[in-house]
Every structure is written in C-alpha cells, then in structure tokens.
Amino acid sequence: MKILIVRVSSLGDVVHNMPMVADIRRHFPGAQIDWVVEEGYTSLVRLNPLVHNIIPIALRRWRKTLFSAATRAEISAFYRTLRVDQYDVVFDTQGLLKTSVVMRMARLACGGKRVGLANATEGSGYEPISRIFHDRSVKVGLRTHAVMRARLVAADALGYTLDHEADFALQAPPQQRFPWMPDHPYAVFFHGTARADKQWPQDEWIKLGQALFVRGLPVLLPWGNKKEQQAAHVLAAQIPGAQVLPALPLIEAVGLVQQARLVVGLDTGLTHIAAAYCKPTVELYCDSPRWKTEGNWSPNIINLGDIGTPPGGEVVLAAVEKLLY
C-alpha cells in the first residue's frame, strides 16, 4: 500500500500529525508512507523513520513571487515529483483549499481514494470547500484533540481501531556539540509566541528562572524573531546564569529540546516538540484552549492554564519541582 499525507504546516500541527504515521504502520507494516510538508519542516519529518519519502513544498515562499520564472519552475518540479508514485490513499489532514488542491494533484492508483476532514473542529481554520476534492470525508467531534483528529481520519479510512497511545516515533537528531550548547544540565524557556495575548507575564518568567538557578539548573533562551530576541535579553539580564542563544535552525532547536533537562513553554511548536519527545515539559496555556493541543500522552508533561486563565507562578514552580524531583 502506498499512502500520501498532505500536512504542510504549521510546526505544531506537523508534530501533532505524526502519530497517524505510527498507527498506519502498526496496522499495515509494509505500507509506504510519503509526506508533503513545507520546506522549512522537512528536517523534522526526516526524524521520523516511518516516513519513506518527504516531498517539500514552498507555498509560503512561492506566493511572494508567484509569477516569477524561477517560482514557476519550482512549482513544475514539485508537480513532477508529486506524481512519480501512484497512491492508494491520499490524506489531507489540514482541511484547507490549498492542501486539498495539492491532494488533487497527486496520482491515484486504480481504486485509490482521497480522504479528508468533513468538518471543522472548534476554532480551527478548516475550509469547507476542501471537501469537493475528497472521495471520502471523515467527521470528527467539535472538540477533538489535534493529535486525535488525524489519527481518527486515518483509522476511519483504513478500517482499524485506535488501541494505542499516541506514538510520535521521533528519533533524536544527530548528536552534535554546538558552541552554544552547555556541558551541564539546563532548562529551556520557550517564552515567545506570534500572539501577544498568548504570552506569560515577563516577571513570572524571571521568578521561575531565578528559582531554577538556585536549584542548579540554568536557563537557555531561544528566540524566533527580533522582538523575541529583545525579550530574551531582558529576561537574561535578570535571571542569573541565563543564556540567550543565537538564531537556531530547526534541527538545532530540536537538539536543544531533546537534550534539555526541563522545558517550560507556551502553546507553540517547539514546546509541542518537547512534549512529543516526552521530555519533562510544562506547557503554559494563557489565551488558547488547552484541550486542542495539550500533551496528554505522558506523565512527563504537565499542562497548566487555559484560554483567558494563565497559570500563576507558584503553580508553575510546583509543576517544575514535580517533574525534576
């Protein structure tokens, strides 16, 4: 059986789609599973040994120069690569017009089918028009967890029952010693998000970092843009032993997470990667619904807060101590 998954973005959603792959391979050990994903996330998907071929797509970049000759050539090359194999099942687990168009571009084997979501979940960006490209649309509950949503679509289409906890099947990235990487245990704070209302108060990060330093665990502070970099320097100035990291490619950020003693982070992709590795992780929900993405598959993950109710500092510190000691 040859299966194609179309899940192009975002980082957290790509992570949450991975247990679907392990489910399929558990029930169909000989299945070839290919994946269309945004070019920036290919290094992450490559860490899943159950994925056979990774087909990069560059929708985010192409739309900026859609009419240039170079972009048109890249789109043509992508189309040719996508159509090398014939697939028995093509899954679109994102439910957008753009991803359903990609689904339609793939070649089906005789008797093959295109499968996607029949409806939105609460607060999702689902686009109903995507259904016109489906041969089969799978309905899920309005409050279905992001991990379970993709798993249910695959189980319904392929006729099996979900009987295992989520398995992300992520290998550790190649062990490398980067200049910024300490040779002692460390904590990581993922303190930045795209939306200001999802952030945790700066003074709470500072108090938590100071408490961790007293306990012998210095904090590393990654960042994703200039604003987050500036915030990281503000935190580092008031947290003893804290280190602001250089800009990290995704694979280095995954290595940072995979070797951390503790991760504390907001509802963001790299925090979800830590949870996927079952690292000791405290997920902070300040203005996003916890039920959608909380790490609920390991006792090493503690989820705090909810939409409109950010957790207090004492509660977070208690969770940290529970995970560390």
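Everything discussed here concerns the structure shown above.
Residues numbered from 1 in each chain as written. Predicted model: local features only at pLDDT ≥ 70, side-chain atom pairs only at ≥ 80, totals over all residues. Heavy atoms only, no water.

Chemist: Residue-level account of the overall build of the chain, with values.
Modeler: Helix and strand content of the chain: twelve helices and twelve strands. In terms of overall size, the chain behaves like a compact globule, its C-alpha atoms giving a radius of gyration of 20 Å where 325 residues would be expected to give roughly 20 Å. Entry remark: accessible area of the chain is about 14,200 Å², with carbon and sulfur atoms responsible for 53%. Each charge sign in the chain was given a centre, from 35 positive and 29 negative side chains, and these centres are 6 Å apart. (Helix = DSSP H or I, 4+ residues; strand = E, 2+ residues; numbered from the N terminus. Rg over C-alpha atoms; globule rule 2.2 N^0.38 Å. Areas by Shrake-Rupley, 256 points an atom, 1.4 Å probe, with all protein chains shown as cover. Lys, Arg positive; Asp, Glu negative; His and termini not counted. Charge placed at Lys NZ, Arg CZ, Asp CG, Glu CD.)

Chemist: Would you mind going over the packing of aromatic side chains in detail, with residue names and values included?
Modeler: Evaluation of the coordinates by the stated rule reveals six aromatic pairs. On the basis of an interplanar angle of 50° and a centroid distance of 4.8 Å, the ring pair of Phe 168 and Trp 297 is categorised as tilted. Highlighted residues: Phe 168 in the loop between helix 6 (146–158) and strand 7 (187–190) and Trp 297 in the loop between helix 11 (290–293) and strand 12 (301–305), separated in sequence by 129 residues. Looking at Trp 297, the relative accessible area reads 12%, which means it is buried. Considering the side-chain rings of Phe 189 and Trp 205, the 4.9 Å spacing of their centres and the 45° angle between planes classify their relative orientation as tilted. With Phe 189 in strand 7 and Trp 205 in helix 7 (residues 202–214), the pair connects residues that are 16 residues apart, well separated along the chain. (Phe/Tyr/Trp six-rings, centres within 6.5 Å; stacked < 30°, edge-to-face > 60°. Buried < 20%, exposed > 50% of the residue type's maximum accessible area, 1.4 Å probe, protein only.)

Chemist: Which residues make up the sheet that holds strand 10 (residues 262–266), and what are the values?
Modeler: What the six strands build is an open sheet, ordered 9-8-7-10-11-12; its pairing is parallel. A single partner strand is all that each edge strand has here, and the edge strands are strand 9 (243–244) and strand 12. As judged from the two bridges shared by strand 7 and strand 8 (residues 219–221), these two strands associate in the parallel manner. The partner of Ala 187 across the bridge, within strand 8, is Val 219. (Pairing = 2+ DSSP bridges.)

Chemist: Please provide a residue-by-residue account of the sheet that holds strand 3 (residues 53–57), values included.
Modeler: Pairing is parallel in the open sheet, where six strands are placed in the order 3-2-1-4-5-6. With one partner strand each, in any of the chains shown, strand 3 and strand 6 (136–138) form the two edges of the open sheet. On average, adjacent strands in this sheet sit at an angle of 20° to one another, irrespective of strand direction. Of the pairings in the sheet, the one linking strand 2 (residues 32–38) to strand 3 comprises five bridges and is parallel in character. The residue of strand 3 that forms the bridge with Glu 38 is Ile 57. Running over the sheet, helix 1 (residues 11–27) touches strand 1 (2–6), strand 2 and strand 4 (86–92) and is turned about 170° from strand 2. (Axes fitted to C-alpha atoms, helices over the stretch in contact; angles between N-to-C directions. Contact = heavy atoms within 4.5 Å.)

Chemist: Give me helix 7: which residues, what numbers.
Modeler: The end-to-end C-alpha distance of helix 7, which contains 13 residues, comes to 19 Å, matching closely the 18 Å that a straight helix rising 1.5 Å per residue would cover. The set of residues buried in helix 7 consists of Glu 204, Trp 205, Ile 206, Leu 208, Gly 209, Ala 211 and Leu 212. Along its buried surface, helix 7 packs onto strand 7, strand 8, helix 8 (226–238), strand 10, strand 11 (281–285) and helix 12 (313–324). Downstream of helix 7 by a residue or two, Gly 216 has a phi angle that is positive, lying close to 85°. (Expected span 1.5 Å × (residues − 1).)

Chemist: Quick one: what's the story with the side chain of Asn 303, residue by residue and with numbers?
Modeler: Here Asn 303 lies in strand 12. Classification of Asn 303 by relative accessible area gives buried; the value is 14%. Reaching out from Asn 303, the side chain makes a polar contact with the backbone oxygen of Gly 295 at a distance of 2.9 Å. (Polar contact = N/O pair within 3.5 Å; in protein donor to acceptor, adjacent residues only side chain to side chain.)

Chemist: Just give me the short version of unusual backbone geometry, but keep the residues and values in it.
Modeler: The residue after Ser 9, namely Ser 10, is reached through a cis peptide bond having omega -10°. The topology assignment puts Ser 10 in the loop between strand 1 and helix 1. Of note in this structure, Ala 169 is not a glycine but carries a positive phi near 55°. Counting through the fold element by element, Ala 169 comes out in the loop between helix 6 and strand 7. If you check the backbone angles, Cys 278 has positive phi at about 60° while not being a glycine.

Chemist: How would you explain the pattern of salt bridges if you had to name every residue and give the values?
Modeler: Counting across every chain of the model gives 15 salt bridges. Between Arg 7 and Asp 13 there is a salt bridge, and its shortest N-O distance comes to 3.1 Å. The shortest N-O distance in the salt bridge between Glu 74 and Arg 61 comes to 2.8 Å. With Glu 74 in helix 4 (residues 69–82) and Arg 61 in helix 3 (residues 59–62), the pair connects residues that are 13 residues apart, well separated along the chain. Residue classification places Glu 74 among the partly exposed positions, given a relative accessible area of 31%. Take Arg 61: its relative accessible area is 35%, and that puts it in the partly exposed class. Among the charged side chains, a network of salt bridges with common partners joins Asp 23, Arg 26, Arg 151 and Asp 167. (Salt bridge = Lys/Arg side-chain N within 4 Å of Asp/Glu carboxyl O.)

Chemist: Can you break down helix 8 residue by residue, with the values?
Modeler: The terminal C-alpha atoms of helix 8, which comprises 13 residues, lie 19 Å apart, in line with the 18 Å expected from a rise of 1.5 Å per residue. Listing the buried residues of helix 8 in full gives Glu 228, Gln 229, Ala 232, Leu 235 and Ala 236. Here the buried residues of helix 8 occupy an arc of 120° about the axis, which is enough to place them on one side. Set apart from the buried face of helix 8 by more than 90 degrees, the exposed residues are Lys 226, Lys 227, Gln 230 and Ala 237. The N-terminus of helix 8 is capped by Asn 225, whose side-chain oxygen sits 3.2 Å from the backbone nitrogen of Lys 227. (Arc of directions from axis to C-beta.)

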